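Residue-level structural notes
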Amino acid sequence: MKKTLKQLAAWLNEDMSAYDDTVVSGISIDTRTIQQGDLFVPFRGEHTNGHRYVTQAFEKGAGASLWQKDEPNPPDGIPLLFVDDPEIALQEMARAYRLEHKAKFIGITGSNGKTSTKDILAGTLAPFFKVQKTIGNFNNQLGLPITILQLDEDTEVAVLEMGMSGFGEIEFLTKLAQPHMTVITNIGEAHMQDLGSRAGIAQAKFEIIQGMQPEGLLFYDGDEPLLQELVAKEQHINAVAFGLEPDNLLYADHIHANANGSSFTTHGMIEGDFFISVLGKHQVKNTLIAMLISNQLGLNNEQIRTSLEHVVLTDMRMQQVQGTNGALFINDAYNAAPTSVKAAIQFIATSTIRPEKWLVLGDMLELGPDEQRFHEGLAEYINEQEIDYVCLFGARMTHLYEVLKEDFEADRLLYTEDDYTAIIEKLELANESSIVLLKGSRGMKLEKILQAFTS
């Protein structure tokens, strides 16, 4: 975005008598990351007031700032745009910029895999289009408007991640972004405590169609019955199912992993053999989404195949890290819910990359009153004949420990509520023959364990 304050004022129906010609070229809500020429947006919260940092924002290069009208003592001599509510103003500016932008907008939601799908899609398209994507976790009612306003004017494809914790949030985001194509990666159990059931989660994710362009396309996990039912009720939308089952319009089979990534064969809308330098069947499903959207944007199979081979994911998504003890760590510790944990466990159990297999599992958070059942349920996927060592970390993992200790020998099973050191000491047994999965919710910070073997 590169706009004058006069143009921004017009978007917001506000008067701008001074500094009309001041140009801003981006958005920032944090003085620590502000860039030259940014428009600073101050918020008032329970514990801080962003208006206190407006002067500092200008010292660090801000071109202008919003200022809430009822906030006293605005500084003199600097470009300020006065608004009733900075958060609403931010969203309205994003709405206006979106309406005039010519890019293809793609909205991605789902219980798991949003960021991986975003990365795979953006990486596949990058050699052929100017692509921008959601940075980090800027995927909520503040992050999405910032992402839109940070788009260059000549961006051709905008890949937008949409997160939520309750009903109505995806509807708000999708109506703001008005995507040409939308994606629901899957339905898991995250936010069960807020949405009540997997059916509730599916309904909340399905809100993404409400802002989709009239002739838009929905790509959804066709292996999920809850989504099949919702799509069947909305016969007016164009929908494409992907997955691992043969009744999908695009499906994958013959999935094989090695130290470099995953090879697979696709059938249906795209036929052929492909490879991606990412591990796990669930990541192959995410790759199908990128292939479908790339196909819709005009790429042929060979272009897609070549791009996929060079895709790189954000850290802590099935990331391979060589440990100083010789072990190969699979760092998938960015987040965790039962669906994604089971998928990661199944990958390790069936992997032929290394013969000795370790699981380091941290608590799964935000699962509500059924959290004990969900943790105990992981035991079904952990076979003592396939997995050599299990290390469990966190208060909730005691439920899984109580089940596993019936089958695992004591020296192959470790539980600790909060002692990273105990797990690090156990992992000293891992070596060049070992593959080690790190998987847990973000709040468990399992990467602290990995740090002991990478420094």
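What you see is a predicted model; the values in this text were computed from it and never measured.

1. Description of the sheet that holds strand E8 (residues 131–133)
Taken together, nine strands build an open sheet; the order of strands is E8-E9-E7-E10-E11-E12-E13-E14-E15 and the sheet is mixed. Each edge of the open sheet is held by one strand with a lone partner, namely E8 and strand E15 (272–276). Each strand of the sheet is rotated relative to its neighbour by a mean of 20°, with strand direction disregarded. Both E8 and strand E9 (residues 157–161) contribute to a ladder of three bridges, which runs parallel. In the sheet register, Gln132 faces E9, and the bridge partner there is Ala158.

2. Some words on the side chain of Glu14
Along the chain, Glu14 falls in the loop between helix H1 (5–12) and strand E2 (23–24). Excluding residues that lie within four positions of it along the chain, Glu14 makes contacts with Ala9, Lys69, Leu81, Phe82, Val83 and Asp84.

3. Regarding the domain arrangement of the protein
What the domain assignment reports for the protein is domain 1 (1–84), domain 2 (100–307) and domain 3 (317–450). Spacing between the C-alpha centres of domain 1 and domain 3 amounts to 46 Å.

4. So, the packing of aromatic side chains
Applying the stated criterion to the full structure yields six aromatic pairs. Ring plane angle 40° and centroid distance 6.2 Å describe the contact between Trp11 and Tyr97, whose orientation is recorded as tilted. Of this pair, Trp11 sits in helix H1 while Tyr97 is found in helix H3 (residues 86–100), placing the two residues 86 residues apart along the sequence. When its relative accessible area of 1% is taken as the criterion, Tyr97 is described as buried. Sitting above the plane of the Phe105 ring, Arg98 keeps its charged end 3.9 Å from the centroid. One cation-aromatic arrangement involves Arg373 over Phe374; the distance from NZ or CZ to the ring centre is 4.6 Å.

5. Description of unusual backbone geometry
Backbone geometry follows two general trends: most residues other than glycine have a negative phi, and most peptide bonds adopt the trans configuration. Of note in the backbone geometry, Met318 takes a positive phi value of approximately 45° without being a glycine. Position of Met318 relative to the elements: it lies in the loop between helix H11 (301–308) and strand E16 (319–322). A positive phi is found at Glu366, a non-glycine position, where the angle reads about 60°. Structurally, Glu366 is set in the loop between strand E18 (356–362) and helix H13 (371–377).

Parameters and conventions
- Think of each chain on its own: its residues are numbered from 1, step by step along the sequence as written.
- Confidence filtering applies because this is a predicted model: local features only for residues at pLDDT of at least 70, side-chain atom pairs given and counted only at 80 or more, and all residues used for totals across whole chains, interfaces and linings.
- Derived side-chain values reflect all non-hydrogen atoms in the structure, with water molecules and hydrogen atoms excluded from consideration.
- When DSSP locates at least two bridges between a pair of strands, those strands are taken to pair.
- Secondary structure elements are taken from DSSP: a helix is a run of H or I of four residues or more, a strand is a run of E of two residues or more, and numbering for both begins at the N terminus.
- All axes are obtained by fitting lines to C-alpha atoms, using only the stretch in contact for helices, and the reported angles, taken between N-to-C directions, cover 0 to 180 degrees.
- Should any heavy atoms of two residues lie within 4.5 Å, those residues are counted as being in contact.
- Start and end points for every domain follow an automatic or database-based domain assignment.
- Between 30 and 60 degrees the pair is tilted, below 30 it is stacked and above 60 it is edge-to-face, where a pair is any two Phe, Tyr or Trp rings, Trp via its six-membered ring, whose centres lie within 6.5 Å.
- Buried means the residue's accessible area, taken with a 1.4 Å probe over protein chains only, is under 20% of the maximum for its type, while exposed means over 50%, and partly exposed covers the values in between.
- Only lysine NZ and arginine CZ atoms are considered, and such an atom sits over a ring when it is within 6 Å of the ring centre and within 35 degrees of the ring normal.

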